[in-house]
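This is what each chain is made of:
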Amino acid sequence: MPNRSGFAVHGAVHGAVHGAGLLAGLVAAALCLLAPVDAAAQSVAGTGGALSRPGAGAGLEAGDSVARDLLSQQNLIRASLGLAALKWSAELSEKAGTIVESAIEEGCTPTSVRDADGGPGGAFLWAAAKPLYAGSPRPQSLSARYVVDTWRQGARELRGRSGSCGYSDACSAFLAISDAANRKVGCAVAICPSQAQIWMCQLGE
């Protein structure tokens, strides 16, 4: 049985965690990389069209500004840990898009995202719609920096010598990003009909 909902966690961060001392150093390096991001200050009004299609979950293309931002922010984390930079993968982007589409079809909830992914190697953030006192709900304005910073802060939840995450999605995302064996990443972003949104990245060798 996986040790968190959806994404199984298999041991410590490959090539980075080999004991309590190094684990503490890894966490410290990741947490010191960026100052905490204020969601309101860092949010963006638009995301280069990536969130403009309610119900769509097509993977991002390498030239998309959101794709570039997601890649660069994840590589900042890896640079702080002395790991090789990730490269963009159209194949993994397509995989992420398929997962997002499936999650939307199943109701666009955090659980539907975990169920659609079905295994380790991914990082996702689900954000509820912004409620309004009058009128219809709207999607929150989130930036790639805010999303990846949320994953970075998952390092706080690593457990002792084992380097496991329990049931923390952000922690499992951090493990995937900081896994030395991963060399490629591809992502998808979509707004659901409910105006919730899914940010999904798949990582692999």
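Note: the structure precedes this text.
Residues numbered from 1 in each chain as written. Predicted model: local features only at pLDDT ≥ 70, side-chain atom pairs only at ≥ 80, totals over all residues. Heavy atoms only, no water.

Visitor: Residue-level account of the pairing of strand E2 (residues 122-127), with values.
Guide: The element E2 is extensively covered by neighbouring structure, given that 5 of its 6 residues are classed as buried. Judged from the 6 bridges that link them, E2 and strand E4 (residues 197-204) form a sheet pairing that is antiparallel. Note on E4: the bridge partner recorded for Trp126 is Ile198. (Buried < 20%, exposed > 50% of the residue type's maximum accessible area, 1.4 Å probe, protein only. Helix = DSSP H or I, 4+ residues; strand = E, 2+ residues; numbered from the N terminus. Pairing = 2+ DSSP bridges.)

Visitor: I'd like a rundown of the state of the cysteines, residues and numbers included.
Guide: As enumerated under the stated definition, the model contains 3 disulfides in all. There is a disulfide in this structure between Cys108 and Cys192, and the S-S distance comes to 1.8 Å. Here the S-S torsion is close to 60 degrees, and the disulfide linking Cys108 with Cys192 is therefore right-handed. Residue Cys108 is located in the loop between helix H4 (90-105) and helix H5 (110-117), and its partner Cys192 is located in the loop between strand E3 (184-191) and E4; the two are separated by 84 residues in the primary sequence. Given a relative accessible area of 4%, Cys108 falls into the buried group. Here Cys187 connects covalently by a disulfide to Cys201, the sulfurs 2.0 Å from one another. Its torsion about the S-S bond being 100 degrees, the disulfide of Cys187 and Cys201 is classed as right-handed. In this pair, Cys187 sits in strand E3 while Cys201 sits in strand E4, placing the two residues 14 residues apart along the sequence. In the chain, the cysteines engaged in disulfides, taken in order along the sequence, are linked 1-5, 2-3, 4-6. (Disulfide = S-S within 2.5 Å.)

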